[in-house]
Amino acid sequence: MSDPANSAGGGAGFAATILTLYPDMFPGPLGQSIAGRALAEGKWSLDAVNIRDFATDKHRTVDDTPAGGGAGMVLRADIVAAAVDSVMDGRPVLVMTPRGGPLTQTRVRQLAAGPGAIILCGRFEGFDERLFEARSVEPVSIGDYILSGGEIGALVLLDACIRLLPGVMGASSSGIEESFESGLLEYPHYTRPYEWEGRTIPEVLRSGDHARIAAWRKSQSETDTRLRRPDLWERYEDARVQPPSGARQQTKED
């Protein structure tokens, strides 16, 4: 059912299986740069499975008209479930859909620390709702916009996970001091030349004073988050005022 050309490193710790109507879209960008090198080195594996292989008629039909009327077509629960059942092995099954919960860096880290993922890519008007009721799947969205299908979302999700796998990124700190890891956007970066079009690198970054640099970066992260992502800033502020987990409550007797 899978395309051997899109599979590599079968013994890799992180195994990705994509259920899609367009298996030739994979590995796509994931075959390049650090993800591609990691795939070639067997640090993760990829298998693309064609949902159409599970159709039961000669036309390999996977969809039908919406019950109750309306535009477009809906992916059939029986066909998609058969595809899901063929690969279920304990890995989480993620369904790329705009009706899913937002993908977060916390969830990405959880997935990257696990055995991998099965990712189901939608098309047309989406899935027959009974699929979500009958199978243990996790609906996931990568943003509040509509794509032609779930394949692009699957590429985004996998790229976010793969870069966190051991040995994939060059510097171990690269995945820590980034946007969303601390609940804030990342601080701004600079590099040579020192002066460009009349603009210079902030002097604090040339001071060699690591404490001052860390304080400046923290301040910049907080300012940018507050101005650009007030939703993140509100959550960050709420988290800062919460008492540490398990902290002993002070009483008048203390």
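Everything that follows concerns the structure shown earlier in this document.
So, how was this worked out
- Residues numbered from 1 in each chain as written.
- Predicted model: local features only at pLDDT ≥ 70, side-chain atom pairs only at ≥ 80, totals over all residues.
- Heavy atoms only, no water.
- Helix = DSSP H or I, 4+ residues; strand = E, 2+ residues; numbered from the N terminus.
- Buried < 20%, exposed > 50% of the residue type's maximum accessible area, 1.4 Å probe, protein only.
- Contact = heavy atoms within 4.5 Å.
- Areas by Shrake-Rupley, 256 points an atom, 1.4 Å probe, with all protein chains shown as cover.
- Salt bridge = Lys/Arg side-chain N within 4 Å of Asp/Glu carboxyl O.
- Core = buried A, V, L, I, M, F, W, Y, C linked by side-chain atoms within 4.5 Å.
- Expected span 1.5 Å × (residues − 1).
- Polar contact = N/O pair within 3.5 Å; in protein donor to acceptor, adjacent residues only side chain to side chain.
- Patch = residues over 30% accessible without salt bridge, like charges linked within 9 Å, V, L, I, M, F, W, Y side chains within 5 Å.
- Arc of directions from axis to C-beta.
- Pairing = 2+ DSSP bridges.

Thoughts on the overall build of the protein
In terms of helices and strands, the protein carries 7 helices and 9 strands. When burial is assessed residue by residue, the protein has 39% of its 254 residues classed as buried. Of the contacts formed within the protein by residues at least 6 apart in sequence, a portion of 74% connects residues at least 24 apart. Carbon and sulfur atoms make up 51% of the accessible area of the protein, which totals about 14,900 Å².

Remarks on the pattern of salt bridges
A complete count under the given rule lists 14 salt bridges for this structure. Arg199 is paired through a salt bridge with Glu197; the nearest N and O atoms lie 3.9 Å apart. Arg199 sits in the exposed class, given a relative accessible area of 54%. On the basis of relative accessible area, Glu197 is assigned to the exposed category, the value being 57%. Across the pair Arg229 and Asp231 runs a salt bridge whose closest N-O atoms are separated by 2.9 Å.

A look at the nonpolar core
The biggest cluster of nonpolar side chains holds 31 residues, and the ones touching the most others in it are Trp44, Leu158 and Ile162. Looking at this core, the elements that each hand over two or more residues are strand S1 (14–20), helix H1 (33–40), strand S2 (44–50), strand S5 (93–102), helix H3 (105–112), strand S6 (116–121) and helix H5 (151–162). Per-element accounting of this core gives the leading share, 7 residues, to H5.

Focus on helix H6 (residues 210–228)
Given 3.6 residues per helical turn, the α-helix brings residues three or four places apart onto the same face. Look at H6: 26 Å from first C-alpha to last across 19 residues, which is about the 27 Å you get at 1.5 Å a residue. Of the positions making up H6, those classed as buried are Ile213, Trp216, Ser221, Glu222, Asp224 and Thr225. If you follow the buried residues of H6, they end up packed against helix H7 (230–241). For H6, the N-terminal cap is Asp209; the gap from its side-chain oxygen to the backbone nitrogen of Ala211 is 3.2 Å.

As for the environment of Met88
Among the secondary structure elements, Met88 is positioned in the loop between helix H2 (77–87) and S5. Between the alpha carbons of Met88 and Ile118 there is a distance of 7.6 Å; along the sequence they are 30 residues apart. Sequence-distant contacts of Met88, that is, excluding residues within four places in its chain, are made with Val93 and Ile118.

Side note on a nonpolar patch on the surface
On the surface, a nonpolar cluster with roughly 340 Å² of combined accessible area is contributed by Tyr145, Leu147, Ile152 and Val156. Here Ile152 shows up in helix H5. With a relative accessible area of 41%, Ile152 lands in the partly exposed category.

Some thoughts on H1
Regarding H1, the residues found buried are Ala35, Gly36, Ala38 and Leu39. Looking down the long axis of H1, one finds its buried residues gathered within 160 degrees of arc, a one-sided arrangement. Exposed and facing more than 90 degrees away from the buried side of H1 are Ser33 and Ala40. The elements touched by buried residues of H1 are S2 and H5. Directly after H1, the chain includes Gly42, whose backbone phi takes a positive value near 80 degrees.

As for unusual backbone geometry
For the bond from Phe26 to Pro27, the omega torsion is 5 degrees, close enough to zero to count as cis. For Pro27, the location among the structural elements is in the loop between S1 and H1. Look at the link from Arg192 to Pro193: it is a cis peptide, with omega at 5 degrees. By the element assignment, Pro193 lies in the loop between H5 and strand S8 (195–196). Of note, Ser33 is a non-glycine position whose phi angle comes to about 55 degrees, a positive value.

Describing the pairing of S1
The two faces of a sheet get side chains in turn, since along a regular strand they alternate between them. Extensive coverage of S1 is indicated by the burial of 7 of its 7 residues. Taking every second residue as pointing to the same face, both faces of S1 are buried, with Phe14, Ala16, Ile18 and Thr20 on one and Ala15, Thr17 and Leu19 on the other. Strand direction decides the pairing type here: S1 and S2, joined by 7 bridges, are parallel. Across the sheet, residue Thr20 finds its bridge partner in S2, namely Asn50.

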